[in-house]
Amino acid sequence: MSNEARRFHVAVVGATGAVGQTMLAILAERNFPISKLTLLASERSAGQQVDFEGDKITIQDLATFDPAGVEIALFSAGGGISKEFAPKFAAAGAVVIDNSSTFRYDDDVPLVVSEVNPEAARNRPRGIIANPNCSTMQLMPVLAPIHREYGIERINIATYQSVSGAGQTGMEELGKQTAQLLGFQEIEPKKFPMQIAFNLIPHIDEFLDNGFTKEEMKLVWETRKILGDDSILVNPTAVRVPVFYGHSEAVNIETKKKISTEQARELLAAAPGVKVVDERKAGGYPTPVTHASGTDPVYVGRIREDISHPRGLNMWVVADNIRKGAALNAVQVAELVANGG
């Protein structure tokens, strides 16, 4: 992206985290029009220097920073930080794009996926735009065109979410446990409630009164808000898997009008941000390691009609949860703002 007529003072809050670092890489890759870049983190990270397009930028302490003059602020430092500081940045005149769940379900905060509902970014009365959860993010570019053409009544979904979704400590735990088990050593789970190496854990986030976890209910709440349809039924199960990067989703949808496999492939091939990898042969489908990790598209394969339902369709959806699931969409929304959106 290039916009020589107008450049912006951009702040990245949580600049030392995995998502924050990826945001910086994508800002550079997409040539975002920056006049000044401010990097913010906790006091313990203040004073460190980060390379950005040949310059060394010193990380500042968020707690003591004055946000006056910041025009676009990308937040990825956790819900507590967003709750405290995002309103302060917005009050000082910045448009805040927040990656936490803090504001997602507020009626006066738009929840935006750049390829699906970019127009929603314009209506931001509090100066805050929310980024969806990573599992919702990769699902929306696939489901939105189908919903608009055929109508979706029900979504049955099982997510297979990588440990990077739990942060650096999640990745460290998988690596450590793998090494210990291969060395015939005992392990002690810390980050996850059970052993994650060579295992699957059907539990992400806290359990709610209805028996679902909060991670699962995010798919319900966010899908309805982004697609603008509270009538869509969503039945989710979220599973943590021993993969470092890339979330996968087994998706079954029931549509109002029947959609064939061929119609689905044609529609998805034309959908922005989506890449179809769908051949009925060994390796003719996307995986988190071979396709998604380190890349931007949402990949979809295993497209087939549901033999148990007259208007059912099955798909397998894969994306890099750090890039597409968080950092890329935040930058794409910032581009919408920079372009007057």
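Conventions we followed
Residues numbered from 1 in each chain as written. Predicted model: local features only at pLDDT ≥ 70, side-chain atom pairs only at ≥ 80, totals over all residues. Heavy atoms only, no water. Helix = DSSP H or I, 4+ residues; strand = E, 2+ residues; numbered from the N terminus. Rg over C-alpha atoms; globule rule 2.2 N^0.38 Å. Buried < 20%, exposed > 50% of the residue type's maximum accessible area, 1.4 Å probe, protein only. Contact = heavy atoms within 4.5 Å. Areas by Shrake-Rupley, 256 points an atom, 1.4 Å probe, with all protein chains shown as cover. Core = buried A, V, L, I, M, F, W, Y, C linked by side-chain atoms within 4.5 Å. Pairing = 2+ DSSP bridges. Salt bridge = Lys/Arg side-chain N within 4 Å of Asp/Glu carboxyl O. 1 Å grid on protein atoms, 1.4 Å probe; cavity = no way out; pocket = protein on both sides within 12 Å on 5 of 7 lines; lining within 4 Å. Points joined across faces, edges and corners; volume = space filled by probe spheres on them. Nonpolar A, V, L, I, M, F, W, Y, C, P; charged D, E, K, R; others polar. Axes fitted to C-alpha atoms, helices over the stretch in contact; angles between N-to-C directions. Phe/Tyr/Trp six-rings, centres within 6.5 Å; stacked < 30°, edge-to-face > 60°. Lys NZ or Arg CZ within 6 Å of the ring centre and 35° of its normal.

### Concerning the overall build of the chain
For step 1, the next point in the chain: Within the chain, the regular secondary structure consists of eight helices and 14 strands.
For step 2, the next point in the chain: Its C-alpha atoms give the chain a radius of gyration of 20 Å, near enough to 20 Å, the size a compact globule of 341 residues would have.
For step 3, the next point in the chain: Projected onto the principal axes, the alpha-carbon positions of the chain cover approximately 60 × 55 × 40 Å.
For step 4, the next point in the chain: Looking at the 341 residues of the chain, the share that counts as buried comes to 54%.
For step 5, the next point in the chain: The long-range share in the chain, meaning contacts at least 24 apart out of those at least 6 apart in sequence, stands at 67%.
For step 6, the next point in the chain: Carbon and sulfur atoms provide 50% of the accessible area of the chain, an area that totals close to 14,900 Å².

### So, the nonpolar core
For step 1, the next point in the chain: By size, the foremost hydrophobic cluster in this structure holds 53 residues, and its most contacted members are Phe-89, Val-142, Leu-143, Ile-155, Val-251, Ile-253 and Met-315.
For step 2, the next point in the chain: For this core, the leading source of residues is helix H3 (residues 134-150), giving eight residues.
For step 3, the next point in the chain: Beyond its immediate chain neighbours, meaning those up to four positions away, Ile-253 contacts Leu-143, Ile-146, Ile-152, Arg-154, Ile-155, Arg-311, Gly-312, Leu-313 and Met-315.
For step 4, the next point in the chain: Core analysis: the second largest hydrophobic core is formed by 35 residues, Val-10, Leu-24, Ile-34 and Ala-338 among them.

### Some details on the sheet that holds strand S5 (residues 60-61)
For step 1, the next point in the chain: Strand order in the open sheet formed by six strands is S5-S2-S1-S6-S7-S8, and the pairing between neighbours is parallel. With partners counted over all chains shown, the strands left at the sheet margins are S5 and strand S8 (128-130), one partner each.
For step 2, the next point in the chain: Note: strand S2 (residues 34-41) against S5, two bridges, orientation parallel. What sits directly across from Ala-41, in S5, is Asp-61.

### Things to note about unusual backbone geometry
For step 1, the next point in the chain: One non-glycine residue, Glu-53, lies in the positive phi region at around 50 degrees.
For step 2, the next point in the chain: Residue position: Glu-53 is located in the loop between strand S3 (49-52) and strand S4 (55-58).
For step 3, the next point in the chain: Positive phi, close to 60 degrees, is recorded for Phe-198, a residue that is not glycine.
For step 4, the next point in the chain: Mapped onto the fold, Phe-198 is located in the loop between helix H4 (168-182) and helix H5 (214-227).

### As for the pattern of salt bridges
For step 1, the next point in the chain: Under the criterion given, the structure shown has 17 salt bridges.
For step 2, the next point in the chain: Between Glu-222 and Arg-104 there is a salt bridge, with its nearest N and O atoms 3.2 Å apart. Placement of Glu-222 in helix H5 and of Arg-104 in the loop between strand S7 (95-98) and S8 is noted, with a sequence separation of 118 residues between them.
For step 3, the next point in the chain: The buried category is assigned to Glu-222, whose relative accessible area is 0%.
For step 4, the next point in the chain: Each of the salt bridges in this network shares a partner with another, and the network as a whole consists of Glu-29, Asp-296 and Arg-323.

### Brief notes about the layout of surface pockets
For step 1, the next point in the chain: Quantified by volume, the largest pocket comes out at close to 1,000 Å³.
For step 2, the next point in the chain: Lining the largest pocket we find 39 residues, and of these Asn-99, Ser-164, Gly-165, Ala-166 and Gly-167 sit closest to its centre.
For step 3, the next point in the chain: Within the residue set of the lining of the largest pocket, elements represented by two or more residues are helix H1 (18-29), helix H2 (79-91), H4, H5 and helix H8 (323-338).
For step 4, the next point in the chain: Looking at the lining of the largest pocket element by element, the count peaks at three residues for H1.
For step 5, the next point in the chain: Partitioning the lining of the largest pocket into residue classes produces 12 nonpolar, 20 polar and seven charged.

### Observations regarding the sheet that holds strand S11 (residues 247-255)
For step 1, the next point in the chain: An order of S10-S9-S11-S14-S13-S12 is seen for the six strands of this open sheet, with the pairing classed as mixed. Both outer strands of the open sheet, strand S10 (233-240) and strand S12 (274-276), are each paired with one neighbouring strand and no more. Strand-to-strand twist of the sheet, defined as the mean angle between neighbouring strand axes without regard to direction, takes the value 20 degrees.
For step 2, the next point in the chain: Pairing of strand S9 (residues 152-161) with S11 involves eight bridges; the strand directions are antiparallel. Across the sheet, the residue bridging to Ala-158 is Ala-250, located in S11.
For step 3, the next point in the chain: Together, S9, S11, S12, strand S13 (298-305) and strand S14 (312-319) form the strand contacts of H3, whose direction differs from that of S11 by roughly 25 degrees.

### Observations concerning the packing of aromatic side chains
For step 1, the next point in the chain: In total, this model carries four aromatic pairs according to the counting rule given.
For step 2, the next point in the chain: Taken together, a centroid distance of 5.9 Å and an interplanar angle of 40 degrees make the contact between Tyr-160 and Trp-316 tilted. On the criterion of sequence distance, the pair formed by Tyr-160 in strand S9 and Trp-316 in strand S14 is long-range, its members being 156 residues apart.
For step 3, the next point in the chain: Trp-316 gets classed as partly exposed once you look at its relative accessible area, which sits at 22%.
For step 4, the next point in the chain: Residue placement shows Lys-257 over the ring face of Tyr-150; its charged tip is 5.6 Å from the ring centre.

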